[in-house]
Structures are given as structure tokens and as C-alpha cells.
Amino acid sequence: MQTLQKRDQSVIWHPFSPLKNMPEPIPIVKGEGVYIIDESGNKYIDGISSWWVNIHGHAHPYIAEKIYKQALQLEHVIFAGFTHYPAVELAERLLPILPGKFSKIFYSDNGSTATEVAIKMAIQYWWNQSDNEATQRKKILAFEHSYHGDTFGAMSVSERGIFTKAFHNYLFDVVFIDTPTTDNIDQLTSFIEANGHEIAGFIYEPLIQGSGGMRMYDPALMNILLETVQQHNIICIADEVMTGFGRTGKIFASEHMQVKPDIVCMSKGLTGGTMALGITACNDKIVEAFTTDDRLKTFFHGHSFTANPLACSAALASLDLLQREECLAAIKNICEQHSNFMRVLEQKHSPVVKNIRQTGTIIAFEISIGKDEYLNTVNKDFSRLMMQQGVYLRPLGNTVYIMSPYCITTEELQKVYSALLGWISLIES
Ligand SMILES: *Cc1c(COP(=O)(O)O)cnc(C)c1O
């Protein structure tokens, strides 16, 4: 009998992984709380929440039970012309806690589709209101270093980099600006003053740009930028796919700013990391532009699995857990532990560590060896060495970060920190 690795290698194509010289994938047979467990029974702390999706720990019995019960009742039904309890209940639960005044929930399957839907809504918002080509707004504004997903629209509004290189000729033009700093904020607002009348929508990752390298920026400056953007009637799209559901210390990162978005995109933590589900929520302004007798102004978008009842049930269960006192306390504890660790790292004055930073439950720094880029090879043996310590982390190039499930204990966090400190000492020498 062949090993699972060998069977995998003959039939599977993995995401973001080269087909040649790829290290053998590790078979994971079980998840339990903060741990993932391999075939030999080794346990690893999931320090990146399995790509930022898992917020309550693996194989959570409460979420599992709700999915199971829903599967026995109704696993799926076409969502055009039909409705069901999980979809309506989830929308009713979410709308009041979203950052701003939102009125409708549009379901899709994942983070990329949630942003695709948002971009399409923003473009069609202008199209629906103007029969005069000349007054339509067509441009989309986005940040440098942004990441909004891997489908074509999402790639278009993302940083042009190694992930998108083969497709550059096929991506639509986007106006890219830098994230706000004290040095450039006046320049950014002047740019919006001058060009705002042409811009249909602005998509951004609030407070922290994830895949672009855990780049964090200032909420007060972002608020100034958003004020100007909204004065020019540009549709604001907060991509909270990574930041949503507690990651930044508040339920949504947009809560750190006073100016609220018109559209919010969610996925990842939405179902606690158990089922694929995407949500694009919008406010009355958007809804009104689509509320018409003209059939041509319908939002013609949908997916086979739109509002899948199992996924909606998982999201409802995950929300139950998130809103419990103990979960909110756990989030607070991670924020505190991270700030302590940040001080420890800073006081170490390590010559190989730079840009130590934190936003809520996310802490990140760069290893100052080689170039700051995704293909930096400083992380080559990193994951293997960390796994020997019972910790799983996966850097973005030379950017190392921790983003664990909220159920991680203080002891488990200490274990992650020690493993990191051990590795830093190793590369220092
Ligand atoms: C991961 C991510 C996406 C894409 O989500 P997928 O579910 O992987 O398609 C979009 N935006 C942000 C901010 C993300 O972190």
C-alpha cells in the first residue's frame, strides 16, 4: 500500500504550490481545538488558523452538531425563488452587528466571490442610474499591496505581483494608491478631490492588508481618507474577509473608523472555518439603485451553492460561540499576550528581526535577511523546524506572523513564542 503522500502526489494539484520539487504534503487526520494532528499522532498548534479561517478551534463539537442536524433536515435548495430558515436567520443576526447601517445580505461561496459581487454591485450601481454613458463612473480604486482574491475581478483589484503575473493583460485597469501615512495623507485626499468624479468604488482591507504581507496602517488616517472618498460619493467596499469576526480585537475592523463602508465582504471566519461561505452586505444606498421595475437593472449574479443551508447553519453556530463572554475574553487575552511578546521581541534588539507590529490578535514581523518579497527563501526550513517544536506557522515570504484560533490558551501562546524565539536565535548565529 502506498503512503498517502505518494497517492496525493500522483493525483492532486495543491494551491500556491509548485508541481515540481514540492515538499511532500503532511497527512492530517484529525483536528482538535487549537491542534491539527498528523498520521503518527503528532500534534501541532495551528498558528495561522488554517489560512485565517478557523476562529474557534478545529472540529468544534457545537458547530459540528449544528451542521449535522441541518444536514438531516435540508442540505441545500435552489435559492432563486426559494428561501430557508438558516439563510434568513443568519442575515437577521448579522445585519445589526455589521459596522454601519446595512440592509441586505447577498450570499456566495468564498472570499473571492464576496469581493467579486461587491465590485459588480458598485459598478452596476452607477450603470443602473445613468442612461448616459458620459456620466457613468467606471474606475475602481484600490490600495497598493492589496489582496482581494484569485478570480479575475478580485485579481484585477489586487496588487499586480507574482500571483497575478501571467494574467496582467487580462485584468481591468484599476487606480492604485498607497495606504495612508502622515506623510502622504494630504496627497491622497488631493488625488481623490481631483479624480473622485470618475471613481465608482473603492475596495480596501481595513487596518491590515493580509496576503500583501500583514501590512498595518493607521485607523485615524484611514478615517480621513474615507471621509474624502465618501464626500465624492464613491462606493466604499470594506473587504473584511480576513479582518472580520474578531481578528482586530473588535468584531469588524471597520469599527475602528468612524466612517462606515457601503458594502462589507465576509468569508473566512464567518463559519468558524468549517464550511465555504461568502457574504456581501450592502446598505440602502445600493439597494435603492437596484430596486426598480426595469428587469435589465437586476443584479444577474448567483452561484449553485448560494446560501447553502449547511454553511449558513455553521455560520450561525460560529456566531453563537463568538458572542459568548469567554470568547470575547479569549480575544482580549490574545491581544494582551501579543503586546507583551512584542515588547520581548523589541527588547531583544535582534539584528534579524524588523518591523514588529500588532493589530488585535495578529502579530507580525519581518526577517531582515534577503529581499522583502514572497519568494524570499529565508523561510525554507522554517515550517519544518517549527513543527519539530509542535507549532505550525507559514510565513508570507520573510514576513512571519501569528494568527491563531481564539481558543488558544496562554500556555499554548507561550509555546508558539518560545519556538519563534528559538528559531530567531538559530538564524542569528
Ligand atoms: C483570503 C482573502 C480573500 C479571498 O478569499 P478566498 O476565500 O480565499 O477566495 C479576499 N480578501 C481578503 C482580504 C482575503 O484575506
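Just so it is clear, the model here is predicted, and its values are computed rather than measured.

Q: Run through the domain arrangement of the protein chain, naming residues and quoting values.
A: Domain boundaries assigned for the protein chain yield domain 1 (4-59 + 324-428) and domain 2 (74-322). For domain 1 versus domain 2, the distance between C-alpha centres works out to 27 Å. Contacts between the two partners involve 29 residues from domain 1, matched on the other side by 26 residues from domain 2. Of the roughly 2,400 Å² buried between domain 1 and domain 2, counting both surfaces, carbon and sulfur atoms make up 66%. Our count for the contact surface shared by domain 1 and domain 2 stands at zero salt bridges. Of all the secondary-structure elements, those providing two or more residues to the side of domain 1 that touches domain 2 are α2 (49-52), α11 (325-348), β13 (353-359), β14 (362-367) and β16 (399-402). Top contributing element to the side of domain 1 that touches domain 2 by residue count: α11, with four residues. For the side of domain 1 that touches domain 2, the per-class residue count stands at 17 nonpolar, nine polar and three charged.

Q: Describe the nonpolar core, listing the residues and the values that go with them.
A: Core analysis: the biggest nonpolar cluster contains 94 residues, and Leu90, Leu94, Tyr107, Phe202, Met214 and Leu225 have the highest contact counts within it. Composition of this core by domain shows at least three residues from each of domain 1 (4-59 + 324-428) and domain 2 (74-322). Non-local contacts of Leu90, meaning those with residues more than four positions away in its chain, are made with Tyr107, Leu277, Ile279, Cys312, Ala315, Leu316 and Leu319. If you look at the next biggest cluster of nonpolar residues, it comprises 26 residues, including Phe106, Ile119, Val174 and Ile286.

Q: Before we move on, could you go through the pairing of β16 and cite the residues and values that matter?
A: Neither face of β16 is exposed, since Thr399 and Tyr401 on one face and Val400 and Ile402 on the opposite face are all buried. With four bridges joining them, β14 and β16 adopt antiparallel strand pairing. Bridge pairing in β16 links Glu366 to Thr399.

Rules behind the numbers
Residues numbered from 1 in each chain as written. Predicted model: local features only at pLDDT ≥ 70, side-chain atom pairs only at ≥ 80, totals over all residues. Heavy atoms only, no water. Domains from an automatic or database assignment. Contact = heavy atoms within 4.5 Å. Buried area = accessible area lost by both parts, 1.4 Å probe. Salt bridge = Lys/Arg side-chain N within 4 Å of Asp/Glu carboxyl O. Helix = DSSP H or I, 4+ residues; strand = E, 2+ residues; numbered from the N terminus. Nonpolar A, V, L, I, M, F, W, Y, C, P; charged D, E, K, R; others polar. Core = buried A, V, L, I, M, F, W, Y, C linked by side-chain atoms within 4.5 Å. Buried < 20%, exposed > 50% of the residue type's maximum accessible area, 1.4 Å probe, protein only. Pairing = 2+ DSSP bridges.

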